[in-house]
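Spelled out, the chains give:
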Amino acid sequence: MPVSDHHDDLELMTHAAEGAGNLALKFFGNNPKTWIKGKDSSVSEADMAADAYLKDMLCAARPNYGWLSEETVDTEHRLQKKRIFIADPIDGTRGFLSGNADWCVSLAMIEDGVPQAAVLYAPALKKIYTAQRGHGAFCDGQKLDGGAKRAANDYLIAGTPLEKEWASFTAYSKAAFIPSLALRLARVASGELTATFSRANAHDWDIAGAHLLVEEAGGLFVDGKGTVPRYNRVQLTHPPLAAFSAHVRDELEAKAS
């Protein structure tokens, strides 16, 4: 795939994520109003405030792009767009509400179903992850190599059937649970985790931004058949997925050859 050039989009998304994250941070630890949506998903006034901020800023700056967010009612209009923003204003809401600092604003810009630019901002951790296709992944300005030169030691399981499919990983120790799926994936990109697995039915907004981080850090993000996820489809959910850091990808490719 040709190298993309979405520097202006990435810069815009970074400013938007920082603004939304700092807005959400004002609610963190301050008992925001909460309610239940759907069957059992928690949402708070912080989620809604951050969502409104992101939508207003990004859609005003890129009126020709589509929009998809966890906290905005979806419409078929986005399917007509070549490029869309995908947002999760607070990924890890349950952790956010319990006082756990592992939550983030997650943004991706998708072109023809493929992530081209991504930002994850974790204000309570004071970390920002960015990626642009063909230009690498970074955390606080430092390039991520996915732990390519470090020994594997930990992985994170989320109760998925892929744990059995990738049975060789039972030799690794299990890491502590991280409420935000996006941050779990980001820690694969950084090499802090060797791998992580997500259950079926993760949505586009849960994974699109962090997906690009993993790939641009040299890692692998696939389903049990080795298929890479695509986005902005009619169906917004995905099968069980596995993310592997760079050195594990090398091991897998060596076994397959």
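Scroll up to find the structure this text is about.
Keep in mind that this is a model prediction, so the values were computed, not measured.

S.K.: Break down the overall build of the protein chain for me, citing the residues and quoting the values.
M.R.: For the protein chain, the count of helices and strands is seven helices and 16 strands. Evaluated residue by residue, the protein chain yields a buried proportion of 54% over its 257 residues. Residue pairs at least 24 apart in sequence account for 64% of intrachain contacts in the protein chain once pairs closer than 6 positions are excluded.

S.K.: Tell me what's going on with the layout of surface pockets, and back it up with residues and numbers.
M.R.: Its volume calculated, the largest pocket comes out at about 820 Å³. What lines the largest pocket is a set of 27 residues, and nearest its centre among them are Ser41, Glu70, Pro179, Arg184 and Asp206. Broken down by class, the residue content of the lining of the largest pocket amounts to eight nonpolar, eight polar and eleven charged. Reported here for the second largest pocket is a volume of approximately 150 Å³. Forming the boundary of the second largest pocket are 15 residues, of which Lys55, Gly66, Trp67, Thr75 and His77 lie nearest the centre. When residues of the lining of the second largest pocket are traced back to their parent elements, those giving at least two are helix H2 (45-61) and strand S3 (66-69). Counting residues per element, the lining of the second largest pocket draws most heavily on S3, which supplies four residues.

S.K.: Describe in detail the side chain of asparagine 232, supporting the description with residues and values.
M.R.: Checked against the element boundaries, asparagine 232 lands in the loop between strand S14 (220-223) and strand S15 (237-238). On the basis of relative accessible area, asparagine 232 is assigned to the buried category, the value being 14%. Polar side-chain contacts of asparagine 232 include one of 2.7 Å to the side chain of arginine 78.

S.K.: An account of the pattern of salt bridges is requested, with residue identities and associated values reported.
M.R.: Per the counting criterion, the structure on display carries nine salt bridges. The shortest N-O distance in the salt bridge between lysine 37 and glutamate 70 comes to 3.4 Å. Remark: glutamate 70 occurs in the loop between S3 and strand S4 (83-91) and lysine 37 occurs in strand S1 (residues 34-37); sequence separation between them is 33 residues. Take lysine 37: its relative accessible area is 22%, and that puts it in the partly exposed class. For glutamate 70, a relative accessible area of 24% gives the class partly exposed. With a shortest N-O distance of 2.7 Å, arginine 78 and aspartate 74 are connected by a salt bridge. Overlapping salt bridges, with partners in common, bring together Lys82, Arg83, Glu111 and Asp112 in one network.

S.K.: Talk me through helix H1 (residues 7-25); I want residue IDs and the actual numbers.
M.R.: Each turn of an α-helix holds 3.6 residues, which means side chains three or four residues apart point in the same direction. Between its first and last C-alpha atoms H1 spans 27 Å; for 19 residues at 1.5 Å apiece the expected length is 27 Å, and the two agree. Next to the buried residues of H1 lie H2, S4, helix H3 (93-98), strand S5 (104-111), strand S6 (114-122) and strand S7 (127-132).

S.K.: Can you tell me about the nonpolar core, naming the residues and giving the values?
M.R.: Side chains of a nonpolar character, in soluble globular proteins, are inclined to be buried together. Grouped together as the largest cluster of nonpolar side chains are 37 residues, with contacts concentrated most on Ile86, Leu120, Tyr129, Leu185, Ile207, Leu213 and Phe221. Counting residues per element, the ones that place at least two in this core are S4, S5, S6, S7, strand S8 (136-139), helix H5 (181-189), helix H6 (204-216) and strand S16 (241-244). If sequence neighbours within four positions are ignored, leucine 120 has contacts with Cys104, Val105, Ser106, Lys127, Ile128, Tyr129, Ala182, Leu183, Ala186, Gly209, Ala210 and Leu213. Core analysis: the second largest hydrophobic core is formed by 20 residues, Tyr65, Phe85, Leu107 and Tyr121 among them.

S.K.: How would you summarise the sheet that holds strand S9 (residues 142-143) if you had to cite specific residues and measurements?
M.R.: Spatial ordering of the open sheet is given by S3-S4-S5-S6-S7-S8-S9, a layout of seven strands whose pairing is mixed. Lying at the two open borders of the sheet, with one neighbouring strand each, are S3 and S9. Lying on the sheet, H2 is in contact with S3, S4 and S5; it crosses S4 at an angle near 155°. In the packing of H5 onto the sheet, the strands contacted are S4, S5, S6 and S7, and the crossing angle to S6 comes to about 105°.

The rules we used
- Residue numbers run consecutively from 1 along every chain, following the written order of its sequence.
- Since the coordinates come from a predicted model, pLDDT governs what is reported: local features require at least 70, and pairs of side-chain atoms require 80 or more to be given and counted, while whole-chain, interface and lining totals use all residues.
- Side-chain metrics rest on all non-hydrogen atoms present in the structure, leaving aside hydrogens and water.
- The way it works is that DSSP assigns letters per residue, a run of H or I at least four long becomes a helix, a run of E at least two long becomes a strand, and they are numbered from the N terminus.
- Residue burial is assigned from relative accessible area. The probe radius is 1.4 Å, only protein chains are included, and a residue is buried under 20% of its type maximum, exposed over 50%, and partly exposed in between.
- Note on contacts: a residue pair is in contact if any heavy atoms of the two residues lie within 4.5 Å.
- Points on a 1 Å grid, built from protein atoms alone, make a cavity when a 1.4 Å probe fits but cannot get out and make a pocket when they are open with protein on both sides within 12 Å along at least 5 of 7 lines; residues with an atom within 4 Å of a point are the lining residues.
- Grid points are joined across faces, edges and corners, and a volume is the space filled by probe spheres set on the points.
- All amino acids are sorted into three groups, where Ala, Val, Leu, Ile, Met, Phe, Trp, Tyr, Cys and Pro are nonpolar, Asp, Glu, Lys and Arg are charged, and the leftover types, Gly among them, are polar.
- A 3.5 Å cut-off defines polar contacts: any pair of N or O atoms within that distance qualifies, except that in protein one atom must be a possible hydrogen donor and the other a possible acceptor, and neighbouring residues in sequence count only when both atoms are side-chain atoms.
- What counts as a salt bridge is simple: a side-chain nitrogen of Lys or Arg found within 4 Å of a carboxyl oxygen of Asp or Glu.
- Here a helix's expected span is defined as the number of its residues, less one, multiplied by 1.5 Å.
- Throughout, nonpolar core names a set of buried Ala, Val, Leu, Ile, Met, Phe, Trp, Tyr and Cys residues whose side chains join them through atoms within 4.5 Å.
- What makes two strands pair is DSSP finding at least two bridges between them.
- Axis definition: a line fitted to C-alpha atoms, limited for helices to the stretch in contact. Angles are taken between N-to-C directions and run from 0 to 180 degrees.

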